[in-house]
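The residues making up each chain are set out below.
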Amino acid sequence: MSKSNKKYIIANWKMYLSPDESVKAALAVQKKLRVARGVEVVIAPSALVLRELAAKLGKKNVKLAAQNIYWRDFGAFTGEISASEVHGLAEFTLVGHSERRYVFGEQNRDIKKKVAAALRSHLTPVLCIGETRDEKDFGETSEVLYDQILGGLSELAAEDIHKVVIAYEPVWAISGNGNARPCSVEDLTESVRLIRSHLNHLYGKKISENVSVLYGGSVKAENAGEFLAVDGVDGLLVGSASTKADEFLKIIEQA
Ligand code: PEP
């Protein structure tokens, strides 16, 4: 169960759109957006357009997220972007997305530092967790979620845990990874129950009820409503379907 009174609908544009396409799509979303109270709409575009979009969108109904940050604040780290550089341009950052974990080899020891760095720079970290298909087939989902929650949050003080948003994204459900299929409502219900139960075990009941837990993995306009209706789900992280402004708007309408 969740006591969060907010719903988050977050678009992860990965490397799908060019800078010009990103600006066009974000402005199209903002123009037609009618959001219910308590619904936060967030777009994670290419880092190349964060500055331009921050200026064009203003502090209105669409917020911005970085797709990734490095945990050091500055220095000789070729190709990286720090949370402090993102601060002022975005309010959120994804951390530990499965493509970061499995394509770029990020480990919990990096991810926990990134979560802490995000909070240090006043960004809300969206910590992505989820099991692979093999882990699911071997019945290891609960252990994987426990390890990734503990691994991602272990650098935080207890009073900061509630500031993190958790996105449950089973790797086997993420489109673009071949043979992806959306999570069933039953599997999602069970995984969200496990996540809240692990949070309860690690940090207590209040935190387990107050942390926002989102779902991501092949969300589209036609299935968004059923995921949002699952007990304990506080929103969605949407990849490929969010790159089309009209489809993303239809998903938002259901929150
Ligand atoms: C994602 O990678 O965060 C994601 C949810 O992707 P998709 O919606 O394309 O499965």
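Coordinates for the structure precede this section.
The rules we used
Residues numbered from 1 in each chain as written. Predicted model: local features only at pLDDT ≥ 70, side-chain atom pairs only at ≥ 80, totals over all residues. Heavy atoms only, no water. Near = heavy atom within 4 Å. Polar contact = N/O pair within 3.5 Å; in protein donor to acceptor, adjacent residues only side chain to side chain. Areas by Shrake-Rupley, 256 points an atom, 1.4 Å probe, with all protein chains shown as cover. Helix = DSSP H or I, 4+ residues; strand = E, 2+ residues; numbered from the N terminus. Contact = heavy atoms within 4.5 Å. Phe/Tyr/Trp six-rings, centres within 6.5 Å; stacked < 30°, edge-to-face > 60°. Buried < 20%, exposed > 50% of the residue type's maximum accessible area, 1.4 Å probe, protein only.

In the vicinity of the ligand there are 15 residues, among which K14, H97, S175, S218 and G239 approach most closely. One of the side-chain N or O atoms of H97 is found 2.7 Å from an oxygen atom in the ligand. Between an oxygen atom of the ligand and a side-chain N or O atom of S175, the distance comes to 2.4 Å. About the coverage of the ligand: the protein hides 100% of its 290 Å² of free accessible area.

Take the side chain of S98 next. As for its position among the elements, S98 is in helix α4 (residues 98-102). Excluding its chain neighbours within four sequence positions, the residues that come into contact with S98 are V103, V171 and I174.

A word on the packing of aromatic side chains. Going through the model one piece at a time under the given rule, you end up with four aromatic pairs. With 6.0 Å between their ring centres and 75 degrees between their planes, Y8 and F92 make a pair best called edge-to-face. Linking Y8 in strand β1 (residues 7-12) with F92 in strand β4 (residues 92-95), this pair joins segments that are 84 residues apart in sequence. Classification of Y8 by relative accessible area gives buried; the value is 9%. For the pair Y215 and F227, a centre-to-centre distance of 4.5 Å together with 40 degrees between the ring planes defines the contact as tilted.

A word on unusual backbone geometry. Unusually for a residue other than glycine, K14 sits at a positive phi of about 45 degrees. Positionally, K14 belongs in the loop between β1 and α1 (19-32). Looking at K14, the relative accessible area reads 14%, which means it is buried. Even without a glycine there, the phi angle at H122 is positive, about 60 degrees.

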